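Now for the letters of each chain:
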Amino acid sequence: MKIKHWFISIVAFAVLVMFDQWTKWLAVIKLKGNTPFVLLDGVFEFYYFENHGAAFGVLQNKRILLIIVTSIILIGILWMFAKIPNTKKYLPMKIVAVVVAAGAVGNFIDRICNGYVVDFLYFKWINFPIFNVADCYVVVSMVTMILLSFFYYKDEDFEVLKKSHKN
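1. What to know about the overall build of the chain
Right, on to step 1. When you go through the chain residue by residue, the secondary structure sums to 5 helices and 3 strands.
Right, on to step 2. Tracing the chain from N to C terminus, the helices and strands come up as α-β-β-α-α-β-α-α.
Right, on to step 3. Overall size of the chain, expressed as C-alpha extent along the three principal axes, is 55 × 30 × 30 Å.
Right, on to step 4. Counting the 167 residues in the chain, one finds 35% classified as buried.
Right, on to step 5. Within the chain, residue pairs in contact and separated by at least 24 positions form 68% of the contacts whose partners lie at least 6 positions apart.
Right, on to step 6. Working note: accessible area of the chain is about 10,500 Å², and carbon and sulfur atoms make up 73% of it.

2. Section: unusual backbone geometry
Right, on to step 1. In this model, Asn127 sits at a positive phi of 50°, which is unusual for a non-glycine residue.
Right, on to step 2. Looking at where Asn127 falls in the secondary structure, it is placed in the loop between β3 (117-123) and α4 (133-151).
Right, on to step 3. You can call Asn127 exposed: its relative accessible area is 56%.

3. Quick notes on the packing of helix α2 (residues 63-83) against helix α3 (residues 91-114)
Right, on to step 1. Viewed as axis vectors pointing N to C, α2 and α3 meet at an angle of 155°, and their least axial separation amounts to 10 Å. Accordingly, the angle class assigned to the pair α2 and α3 is roughly antiparallel. In this structure, α2 crosses over α3, and the sense of that crossing is left-handed. Note on element contacts: α3 touches α2 through Lys94, Ala97, Val98, Val100, Ala101, Ala104, Val105, Phe108, Arg111 and Ile112, opposite Arg63, Leu66, Ile67, Thr70, Ser71, Leu74, Ile77, Met80 and Phe81.
Right, on to step 2. Here the contact of α2 with α3 is composed, by residue class, of 14 nonpolar, 2 polar and 3 charged.

Calculation notes
- Residues numbered from 1 in each chain as written.
- Predicted model: local features only at pLDDT ≥ 70, side-chain atom pairs only at ≥ 80, totals over all residues.
- Heavy atoms only, no water.
- Helix = DSSP H or I, 4+ residues; strand = E, 2+ residues; numbered from the N terminus.
- Buried < 20%, exposed > 50% of the residue type's maximum accessible area, 1.4 Å probe, protein only.
- Contact = heavy atoms within 4.5 Å.
- Areas by Shrake-Rupley, 256 points an atom, 1.4 Å probe, with all protein chains shown as cover.
- Axes fitted to C-alpha atoms, helices over the stretch in contact; angles between N-to-C directions.
- Parallel < 35°, antiparallel > 145°, perpendicular 65-115°, else oblique.
- Left-handed = near helix turned anticlockwise from the far one by under 90°.
- Nonpolar A, V, L, I, M, F, W, Y, C, P; charged D, E, K, R; others polar.

Here's what the structure looks like:
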């Protein structure tokens, strides 16, 4: 049963990373060097941007630091994923781990291969920082984990995780 969980998780992870990379490839071939593609005038557009930092433009040109931090985070996610029980109760937590890891790897690939992350989703209406699909994975999974922590899991559920970490 455990092998089945790992297999499904790896396939889901790979599909999510491939989708992120595909959307970035489309952004490069369709948007780079061109004017933004306006979806809703004044509201939302596809706008090519090369982000040399992290979220919201922090740590600009700190590529090596971002690669090291991402590597440490990915090791932590993998370790946590291995410790989460393979039960229906903890399935949402496993899904969150897969999605956040896919987001981290999607941007990690860009940093390794390009030296920057390709961003292309822009909410012009609120002048929100330009982002990408991998960023969406990370934000949605983290919001989901917060909601799960407040409304789905109880303190005892986290005690089970603490005990499994000691083994």
